[in-house]
Amino acid sequence: MYETTYHRASSVDEAAAMFAKGSESKYLAGGHTLIPVMKQRLASPSDVIDLGKIKELIGIEASGDTLTIKAATTHYDVANSGLAQKAIPALAYLASLIGDPAVRHRGTIGGSIANNDPAADYPGAVVALGATVHTNKRKIAGDDFFTGMFETALEPSEIITAVSFPPADKAAYAKFPNPASRYAIVGVFVAKTSSGVRVAVTGAGPCVFRVPEMEQALAKSFTADAITDIKVPASNLNSDIHASSEYRAHLINVMAGRAVAACG
C-alpha cells in the first residue's frame, strides 16, 4: 500500500473538514472496496477519513410511513432490525443476502450505494422503492442517484448521511448470487406502491435499471404470469466469466417472476 494518513472523524462536519484539507482524500465506510484497491495499488489517497464511528450516521428510525437507515448502519443491523422487518420486510431480507457474515458485520448501506458496484444489492431497493438519498448537502432521488458503473450523483466531498424508504404495499427481492462472493449475478427488486409498480434490476448491467415493460404489465395484473413473455434485450447487459449477457437476460425474467410470486 502507498503511504496515507488515516483519520477517524467524530462528526460529519469534522469529516468534511478533514476531507477538504487533504490533497486527494477518500472517505472510508465499511472498507470492502477502498482497502482492497489500495492494497492492489489502484488507489493512493493522501488521506483516508473513517466515517464508521460517527454516531449520527448509525441507526434505523421509523417516522410515520418512512423508514430511514443512516449511512454507517451495517448490513447485519438492517437485516436484523425489527423496524426494517416490520416496515419493509423485503429490504431486511435483501440485507441478509449480502456477502457472508464478515461482510454483513462491516459493510454499510452508505458505502454500498456510494460505490455503486454494478453487482451490489442495495441499488435495486433504492430504485424500486423510490428511496431518497440524504447527504450533508442535499437530498437526491433514488432514480437520479446512480449514474453509471461505479458512478453516482455524489460530488467528491459529499457524504451520504441516510437513505429514507417510503412504504410499499408489496415488495420482494429475488437474487441469483455468485456462489463464491454472493454478489448478484442478477437481482430483481419488485415493489408495488401507492405511486405504481417499479421493477429494478441489479447485477445484470453496468448500473441498476428499471424495466418499464414489466412495470406496465404488473400494473394491469400483479402476477408472475403477466411478465412471463417479457424479455430484456441482452445487447446492453454484462457478459463475463460468471454469466453471458444472454444468460443474464434470461435470469432477469426468472428472478422478476420469483420476486412477484414472493410478494404474495
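In what follows, the structure referred to is the one given above.
So, a few notes on the structure that sits alongside this text. (Residues numbered from 1 in each chain as written. Predicted model: local features only at pLDDT ≥ 70, side-chain atom pairs only at ≥ 80, totals over all residues. Heavy atoms only, no water.)

### Some points on the sheet that holds strand β2 (residues 25–28)
Put simply, the test is: Between any two strands, pairing holds if DSSP finds at least two bridges. A run of H or I in DSSP counts as a helix once it spans at least four residues, and a run of E counts as a strand once it spans at least two, with each numbered from the N terminus. Axis lines are fitted to C-alpha atoms, over the contacting stretch for helices. Their N-to-C directions set the angle, which ranges from 0 to 180 degrees. Contact definition: two residues touch when any of their heavy atoms are within 4.5 Å.
The sheet built from 3 strands is open, its strands ordered β1-β3-β2 with parallel pairing. Two strands close off the open sheet at either side, each with one partner strand: β1 (5–8) and β2. Taking each pair of neighbouring strands and ignoring which way they run, the sheet shows an average axis angle of 25°. Sheet topology note: the β2/strand β3 (residues 47–50) ladder contains 4 bridges and is parallel. Within β3, the residue paired with Leu28 across the bridge is Asp50. Contacting β1, β2 and β3, helix α1 (residues 12–21) runs over the sheet at an angle of about 150° to β2.

### Looking at α1
We apply this condition: Each residue is placed in one exposure class: buried if its accessible area under a 1.4 Å probe, protein chains only, is under 20% of its type's maximum, exposed if it is over 50%, and partly exposed if it falls in between. Here, the arc refers to the directions that run from the helix axis to the C-beta atoms.
The complete set of buried residues in α1 reads Val12, Ala15, Met18 and Phe19. Down the axis of α1, the smallest arc covering the buried residues is 120°, so these residues share one side. Across from the buried face of α1, at angles greater than 90 degrees, the exposed residues are Asp13, Ala20 and Lys21. Next to the buried residues of α1 lie β1, β2, β3 and β10 (160–165).

### As for the pattern of salt bridges
The following threshold applies: Salt bridge, as used here: a side-chain nitrogen of Lys or Arg that lies within 4 Å of a carboxyl oxygen of Asp or Glu.
One pass over the full model with this rule turns up 8 salt bridges. Arg248 is the salt-bridge partner of Asp240, the closest N and O atoms lying 3.2 Å from each other. Owing to a relative accessible area of 37%, Asp240 belongs among the partly exposed residues under this scheme. With relative accessibility at 4%, the residue Arg248 sits in the buried group. Ionic contacts of the salt-bridge type, sharing partners, join the residues Asp143, Arg198, Arg210 and Glu215 into one network.

### Some details on the environment of Ala119
Position of Ala119 among the secondary structure elements: in the loop between α7 (109–115) and α8 (122–128). A residue is classified by how much of its surface remains accessible, and Ala119, at 14% relative accessible area, is buried. The spacing of Ala119 and Gly187 is 68 residues in sequence and 8.2 Å in space, taken between C-alpha atoms. Setting aside chain neighbours within four positions, we find Ala119 in contact with Tyr183, Ala184, Thr202 and Gly203.

### A word on the sheet that holds strand β12 (residues 184–193)
Sheet architecture is open: 4 strands sit in the order β11-β12-β13-β14, paired in antiparallel fashion. Here the strands that pair on one side only, and so sit at the sheet edges, are β11 (170–177) and β14 (209–210). For β11 and β12, the ladder comprises 8 bridges, and the chain directions are antiparallel. For Phe176, the partnering residue across the bridge sits in β12 and is Val186. In the packing of helix α5 (residues 89–96) onto the sheet, the strands contacted are β11 and β12, and the crossing angle to β11 comes to about 15°.

### Looking at the packing of aromatic side chains
Heads up, the rule is: Pairing of aromatic side chains requires ring centres within 6.5 Å, counting the rings of Phe and Tyr and the six-membered ring of Trp. Pairs whose planes differ by under 30 degrees are stacked, by over 60 edge-to-face, and all others tilted.
Throughout the structure, instances matching the rule amount to 4 aromatic pairs. Plain terms: the ring middles of Phe176 and Tyr247 are 6.1 Å apart, the flat faces sit at 90° to each other, and that makes the pair edge-to-face. Of this pair, Phe176 sits in strand β11 while Tyr247 sits in helix α11 (residues 245–263), and the two are 71 residues apart along the sequence. Note on Phe176: relative accessible area 27%, which makes it partly exposed. Overall, Tyr247 belongs to the partly exposed group, its relative accessible area being 36%.

### A closer look at the pairing of strand β5 (residues 66–70)
Within β5, 4 of the 5 residues are buried, which leaves it mostly tucked inside the rest of the structure. For strand β4 (residues 60–63) and β5, the ladder comprises 4 bridges, and the chain directions are antiparallel. Note that in β5 the partner of Ile60 across the bridge is Ile69. Here 4 bridges tie β5 to β10, and the two strands are oriented antiparallel to one another.

### Points about α11
Think of an α-helix as turning once every 3.6 residues; residues three or four places apart then point the same way. Applied cut-off: Expected helix span is given by 1.5 Å per residue-to-residue step, counting one fewer step than there are residues.
Taking 1.5 Å as the rise per residue, α11 with 19 residues should run 27 Å; its terminal C-alpha atoms sit 27 Å apart, in good agreement. Residues Ser245, Arg248, Ala249, Leu251, Ile252, Asn253, Met255, Ala256, Gly257, Ala259, Val260 and Cys263 constitute the buried set of α11. Buried positions along α11 lie against β11, β12, β13 (196–202), β14 and α10 (212–220). Backbone geometry just after α11 places Gly264 at a positive phi near 80°.

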